[in-house]
Amino acid sequence: MKLSLNFVKDYIDLPKDLTVKQIAEDMTNHSSEYETAGKLINATNLIIGEVVECEPHPDSDHLHVCKVNIGKEVLNIVCGAPNVRKGLKVIVAQVGAELPEITIKKGMIRGQESNGMLCSMLELGLESKYVDEIDKTGIHELPADAPIGEDPIKYMGLDDEVIDFELTANRGDLLSILGMAYELGAIYDKKVKDIDLSHKENNEDINDTFKVVVNTENCSLFTTKKVKNVTIKESPCFIKSRLIASGIRPINNVVDISNYVMLETGQPLHFYDADKLNGMLEVRMAENGEKLTTLDGESRTLHDENIVISNGKEAIGLAGVMGGLDTEITENTKNIIIESAIFDGVKVRKTSNELVRSEASNRFEKGLDPNRTYMAADRACALLEKYADAEVVGGIAKYDTTNKEDTKIEVKFNEINQVLGLNIPNNEILNIFTKLGFTYEETKDGAIVSVPKRRIDISIKEDLNEEVGRIYGVNNICGILPALPMKQGSYNRTTREIRNKMIGLGLNETLSYVLVGENEAKQFVKDENESIKLLDPMSEDRNTLRNSMLPSLLNIYKYNEARNQKDVSIFEIAKTFYKKGEEFFEEQHLGVLMAGEYYQGIGTAKEADFFVIKGLAEEILDYLGYKNRYSFVVDSSKIADEFHPGQSAVISVNNDIIGSIGKVHPSLAENVYVLEINLDKLLAKKVGKMKYKEISKFPTVNKDLSIVIDKNITSQEIEKQIKKYAGSTLNEVKPFDIYSGKGIEDGKISITYNLVFGDNNRTLNDEEINETMQKVIEGLEKSLGAEIRK
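Each chain has its residues counted from 1, following the order in which its sequence is written. Note on the predicted model: pLDDT of at least 70 is required for a residue's local features to be given, and 80 or more for side-chain atom pairs to be given and counted; whole-chain, interface and lining totals, by contrast, use all residues. The basis for every side-chain value is the complete set of heavy atoms in the structure, and neither hydrogens nor water enter the calculation.

A. Highlighting the pairing of strand 6 (residues 89-93). Of all the five residues making up strand 6, five are buried; the element is thus mostly covered by neighbouring parts of the structure. For every residue, the accessible area (1.4 Å probe, protein chains only) is compared with the maximum for its type, and the residue is labelled buried under 20%, exposed over 50%, or partly exposed between those bounds. For helices the rule is a DSSP run of H or I covering at least 4 residues; for strands it is a run of E covering at least 2, with both sets numbered from the N terminus onward. Here strand 6 shows no split at all, with Lys89, Ile91 and Ala93 on one side and Val90 and Val92 on the other all buried. Pairing between strands requires that DSSP locate at least two bridges from one strand to the other. Pairing analysis gives five bridges linking strand 3 (residues 46-56) to strand 6, with the strands arranged antiparallel. Residue pairing in the sheet places glycine 49 in a bridge with valine 90 of strand 6. The pairing of strand 6 with strand 11 (residues 117-118) spans two bridges and is classified as antiparallel. Opposite alanine 93, over in strand 11, you have methionine 117 as the bridge partner.

As structure tokens, then:
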């Protein structure tokens, strides 16, 4: 929002000693940040002059030698503009003048003395969209009555200062001069002046010849006024200069008044040529495939989510965004219908994002005050009567379902101070409400505050607490150390411990986007929970909240692989999101991805495979206290399609699935292994106190066992049978080699296990160990059909 200080001073008397920079800084401290603050025209030492002589340069075919009267003297100036001529009133940059791109110096041009420069508006720093063709090719031509010797910038009304604010999305009220006036009034304790709505109306009634029909719930207020016999001409200087300062190009008095009122009140208006309508305006939803040519000359194809204005037969405007070309105001327009309305902000935003953004749509999106809707229509009538010689027709044709009452909110003084950490006196809090333009009814320990509809961002007491804090001044809030020691919750502590453990295991932590593509959001998810799609995504590549961590990690892997970095071992602890019915959920997940070589330390690298990532999962679960309570279950009905069907499983703790593990399907990536654990679900399962076991003083014995077995039997089942037949002397069993191929029958696989035997009270002898090994072999042969590999 560009704020013209000349414009806002119409409605508030600011302290005279304030600079534009100070106003910008004060607004930043209390309200909104700014990008730039300064003069509209950055040029010095300018004066109005009259060309009294203009002769061709003797040594040039395009230069002229001019004598220019600036009142106090006559200057000799060489000028190359094609439109320079005797009798022309011009802008003269005197010697020493500072222009945006040049400093004017006295000099000789092809043998002729030149003591200044005749300027175009472009040379003064005005953007090209604001100037006519003459200024683009030559110098600016001032009116014949321009006073010689005066300041041309002040004469043209461009002696303005502008602040370009970055507004937050909730402060739609600041998209108007009146809104800015109320904000400055609160900061400097100044009253805002009333806007002049006075105008005369004839004895006719618009409702006798014109009607309004609303056939959609996406329009809550639609008003129309009519003016007759307008004169299309150039706008007054003050309107043009304020539009330019606000970033809008002047066109003619009628169009400029509609933009002027929008800037003034924040309410967008649209003017129709009344003679091109059928005596009515209808608001409805567009039909799929319906066509409309907008004011910019573009043909738009609409759908049933677009709100349109119709003449009862066809669409003539895109509601809240842009009018149609067929009913635009032209030089021949005499009678005008003024539309002032409120449309659904979400629908307008979607339409504007699809088709075209505009100043009007920006305001509709953020919400409007219905009281200003009527005010804007009356203000337009007043200005059209004064500056377009319009005759205002009596009455107003309207459709209105809005609530215009103030919002009443009760606040407590002590709660405000507790939230802000301050001790503001009660009368100061009430004074802040008065500064903001709010009325109130004082209660025993607080007040019931009436918030005007112009502040649609305020609806609860917390909003008023914030208002008190920002107007009082955030710089006045002192930092205070907490009185009690801060305690970190066990959940956050455990999460931090998991993170440290993963780093200790040699993995790198990542931080990825929670937004993914709609198709990616459904990957690695087997349940029927619904993905959460954004209503207004910035791009289709990131339009949905992720339901799993794995698509994000896979994207990171692919990014690294494309840059020839194929050894990737990463993890992330972050949120995932889903919808079930009408409820929304978010959960904390641990995601892991491994590919290529996995480095555990200097000189210790191992190719990542299913058993490596399974071992990592076991390490984490054991570390968290779930040893002997978890299992890896192969169940195709519970495993997502993005996993390799033969190398994947779900992780079950206490017979409850808390995650998944496996190789990524080759169609997505080659030789990539992933793990995902729902930490919210896992950590909700209580663990007992850690039990410690004394390290045995007696030596252990390692035995290797190689078996050939059906490849569909899981290693987990084999380990279970080994433990069953080995008895209490078996301390540990781990697979360390897998083989299939030459010498192994089809459909079978060879697995080698390392068995560790030991006893805390004595040393085991060979006879005992061999006897136990024999029991294990016979048990595996009997229960699983295993064969000992010779």
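Next comes the rest of the description.
B. Focus on the environment of lysine 154. Mapped onto the secondary structure, lysine 154 falls in helix 4 (residues 152-155). Since its relative accessible area comes to 58%, lysine 154 is described here as exposed. Taking C-alpha positions, lysine 154 is 23 Å from lysine 386, a pair spaced 232 residues apart along the chain.

C. How the structure looks around the sheet that holds strand 22 (residues 322-323). The strand order across the open sheet formed by five strands is 14-17-20-21-22, and the pairing between neighbours is mixed. For this open sheet the edge positions go to strand 14 (211-214) and strand 22, each flanked by a neighbour on one side alone. Of the strand pairs in this sheet, strand 14 and strand 17 (residues 280-285) are connected by four bridges, and their pairing is parallel. Bridge pairing in strand 17 places valine 212 opposite leucine 281.

D. A look at the packing of helix 18 (residues 715-726) against helix 19 (residues 766-784). Across the interface, helix 18 lies against helix 19 with an axial gap of 8 Å and an inter-helix angle of 135°. Our classification of the angle between helix 18 and helix 19 gives oblique. Relative to helix 19, the crossing made by helix 18 is right-handed. Residues Glu717, Ile718, Gln721, Ile722, Tyr725 and Ala726 of helix 18 form the contact with helix 19, whose participating residues are Thr772, Lys775, Val776, Gly779, Leu780, Ser783 and Leu784. When its residues are assigned to classes, the contact of helix 18 with helix 19 shows seven nonpolar, four polar and two charged. Orientation is described by axes fitted as lines to C-alpha atoms, over the contacting stretch for helices, and by angles from 0 to 180 degrees between their N-to-C directions. When describing relative orientation, an angle under 35 degrees is termed roughly parallel and one over 145 degrees roughly antiparallel, while 65 to 115 degrees is termed roughly perpendicular and anything else oblique. Handedness of a helix crossing follows the sense of rotation of the near helix relative to the far helix, less than a right angle counterclockwise being left-handed and clockwise being right-handed. Throughout, a residue-residue contact means that at least one pair of heavy atoms, one from each residue, lies within 4.5 Å. Here the term charged refers only to Asp, Glu, Lys and Arg, the term nonpolar to Ala, Val, Leu, Ile, Met, Phe, Trp, Tyr, Cys and Pro, and the term polar to all other amino acids, Gly among them.

E. Layout of empty space enclosed by the protein. Detection works on a 1 Å grid of protein atoms alone, calling trapped sets that fit a 1.4 Å probe cavities and calling open sets with protein on both sides within 12 Å along at least five of seven lines pockets, with lining residues defined by an atom within 4 Å of a point. Grid points are joined across faces, edges and corners, and a volume is the space filled by probe spheres set on the points. Evaluation of the coordinates by the stated rule reveals two cavities of 30 Å³ or more. Lining the largest cavity are 16 residues, and of these Gly172, Asp173, Gly367, Leu368 and Asp369 lie nearest its centre. For the lining of the largest cavity, the class distribution of residues is three nonpolar, six polar and seven charged. A volume near 30 Å³ is recorded for the second largest cavity. Arg171, Asp173, Gly179, Tyr182, Glu183, Ala186, Leu436, Arg454 and Arg455 together form the lining of the second largest cavity.

F. The sheet that holds strand 3, seen in detail. If you trace the five strands from one edge of the open sheet to the other, you get 5-4-3-6-11, paired in antiparallel fashion. Of all the strands in the sheet, the pair left with one neighbour each is strand 5 (74-79) and strand 11.

G. The arrangement of the environment of arginine 455 in detail. For arginine 455, the location among the structural elements is in the loop between strand 28 (446-451) and helix 13 (461-472). Remark: the alpha-carbon pair of arginine 455 and aspartate 369, spanning 86 residues in sequence, is separated by 7.9 Å.

H. Representation of the nonpolar core in the model. For our purposes a nonpolar core is just a set of buried Ala, Val, Leu, Ile, Met, Phe, Trp, Tyr and Cys residues, chained together by side-chain atoms within 4.5 Å. Core analysis: the largest hydrophobic core is formed by 52 residues, its most contacted members being Val8, Leu184, Val227, Phe271 and Leu384. In this structure phenylalanine 271 touches Val254, Ser258, Thr327, Ile329, Ile336, Ile337, Ile338, Ala380 and Leu384, once residues within four positions along its chain are discounted. In terms of nonpolar packing, the next biggest core, distinct from the first, is built from 37 residues, Ile206, Ala319, Val348 and Ala397 among them.

I. Inspection of unusual backbone geometry at higher detail. Its identity as a non-glycine residue notwithstanding, aspartate 189 has a phi of 55°, on the positive side. Along the chain, aspartate 189 turns up in the loop between helix 5 (177-188) and strand 13 (201-205). Its identity as a non-glycine residue notwithstanding, asparagine 628 has a phi of 70°, on the positive side. Structurally, the position occupied by asparagine 628 is in the loop between helix 16 (610-623) and strand 37 (630-633). Judged by its relative accessible area of 71%, asparagine 628 falls in the exposed class.

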